[in-house]
Amino acid sequence: YDEKADKDSKDVKHVVADFMEYKPKKTFDLLLCNQVIEHVQDPAAFMKKLIESATISIISAPYNWPSCGKNCGHVTDNITPSMFAEWSSPYKPVISEVIMEGKGAVYEKRFLWVFDRTNDISRR
């Protein structure tokens, strides 16, 4: 992290913190988390904290990728829709898609889940 290069501006505030310990002063309007959940020790706690930190959360992760060994740093591999549903419970996505990149090879498929907590519709 280069603090000198990333000075706070009028519109952007940079925070360096452990996300699981971080307590924002207010809920964010939008949260975007791409290709991170497979790297954390407790994906269920992490996903719930993501969803509860914003009104709209967009979360993406590898779809059913086999183990890639130590090269990619994944803690969890072979992520399935049922795993995502369990981790996000009691929240339910308003959009759940598998995105194919390229020709759909095994390492080209990703989950894209969107949660909308406006009026708590994600809990239904």
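For the structure itself, consult the block above.
Residues numbered from 1 in each chain as written. Predicted model: local features only at pLDDT ≥ 70, side-chain atom pairs only at ≥ 80, totals over all residues. Heavy atoms only, no water.

Description of helix α2 (residues 81–88)
Keep this limit in mind: Three labels apply to residues, based on accessible area from a 1.4 Å probe with only protein chains included: buried if under 20% of the type maximum, exposed if over 50%, partly exposed otherwise in between. Here a helix means four or more residues in a row that DSSP labels H or I, a strand means two or more in a row labelled E, and each is numbered from the N terminus. By arc we mean the arc of the directions from the helix axis to the C-beta atoms, nothing more. Residue contacts are defined here by distance: any two heavy atoms, one from each residue, within 4.5 Å place the two residues in contact.
For α2, the set of buried residues is F84, W87 and S88. The buried side chains of α2 occupy one side of the element, clustering within an arc of 90° when seen end-on. Those residues of α2 that are exposed and aimed more than 90 degrees away from the buried face are S82 and E86. Looking at the buried residues of α2, the elements they touch are α1 (43–52), β2 (54–62) and β4 (109–116).

A word on the nonpolar core
Here is the rule we go by: For our purposes a nonpolar core is just a set of buried Ala, Val, Leu, Ile, Met, Phe, Trp, Tyr and Cys residues, chained together by side-chain atoms within 4.5 Å.
In this structure, I37, M47, I59 and F84 are the most contacted members of the largest nonpolar core, which totals 18 residues. Secondary-structure elements contributing two or more residues to this core are β1 (28–34), α1, β2, α2 and β4. It is α1 that provides the largest number of residues to this core, a total of four residues. Setting aside chain neighbours within four positions, we find F84 in contact with I37, M47, I59, A61, I79, F111 and W113.

Some points on the packing of aromatic side chains
Defined as follows: Centre distance within 6.5 Å is the pairing criterion for rings of Phe, Tyr and Trp, where only the six-membered ring of Trp is used; planes under 30 degrees apart are then read as stacked, over 60 as edge-to-face, and the remainder as tilted.
Taken as a whole and assessed by the stated rule, the structure comprises seven aromatic pairs. Residues F19 and F46 carry aromatic rings whose centres are separated by 5.4 Å and whose planes lie at 65° to one another, so their mutual orientation is edge-to-face. Residue F19 is located in the segment before β1, and its partner F46 is located in helix α1; the two are separated by 27 residues in the primary sequence. A relative accessible area of 24% means that F19 is categorised as partly exposed. Ring geometry for F84 against F111: centres 4.7 Å apart, planes inclined by 20°, an arrangement best described as stacked. Taken together, the positions of F84 in helix α2 and F111 in strand β4 put the pair 27 residues apart, joining distant regions of the chain. Residues F84 and F111 agree in their burial class; the two are buried. Aromatic ring contacts, followed pair by pair, group Y63, F84, W87, F111, W113 and F115 into a single cluster.

Things to note about α1
Residues P43, F46, M47, K49, L50 and I51 constitute the buried set of α1. Considering only its buried residues, α1 is in contact with β1, β2, α2 and β4.

A closer look at the layout of surface pockets
Going by this rule: The rule is simple: put a 1 Å grid over the protein atoms alone, call a set of points where a 1.4 Å probe fits but cannot get out a cavity, call an open set with protein on both sides within 12 Å along at least five of seven lines a pocket, and count a residue as lining if it has an atom within 4 Å of a point. Grid points are joined across faces, edges and corners, and a volume is the space filled by probe spheres set on the points. In this classification, the charged set is Asp, Glu, Lys and Arg, the nonpolar set is Ala, Val, Leu, Ile, Met, Phe, Trp, Tyr, Cys and Pro, and all remaining amino acids, among them Gly, are polar.
The calculated volume of the largest pocket comes to roughly 310 Å³. Around the largest pocket, the lining comprises 14 residues; the ones closest to its centre are F19, F28, L31, L32 and L50. Every element with two or more residues in the lining of the largest pocket is listed here: β1 and α1. Among the residues making up the lining of the largest pocket, the classes are represented as twelve nonpolar, one polar and one charged.

Some details on the sheet that holds β4
Condition: Two strands pair under a simple rule: DSSP has to find at least two bridges between them. All axes here are fitted lines through C-alpha atoms, helices being fitted over the stretch that makes contact, and every angle between N-to-C directions spans 0 to 180 degrees.
One open sheet accounts for four strands, arranged β1-β2-β4-β3; its pairing is mixed. The open sheet has two free edges, formed respectively by β1 and β3 (95–100), since each of these has just one partner strand. Each neighbouring strand pair of the sheet contributes to a mean axis angle of 15°, computed without reference to strand direction. One ladder, built from seven bridges, connects β2 with β4; its direction is antiparallel. Paired with P62 across the bridge in β4 is R110. Contacts from α1 reach β1, β2 and β4, with the element oriented near 145° to β2. Across the sheet, α2 touches β2 and β4, and the angle it forms with β4 is around 30°.

Don't take any of this as a statement about function, it's just geometry.
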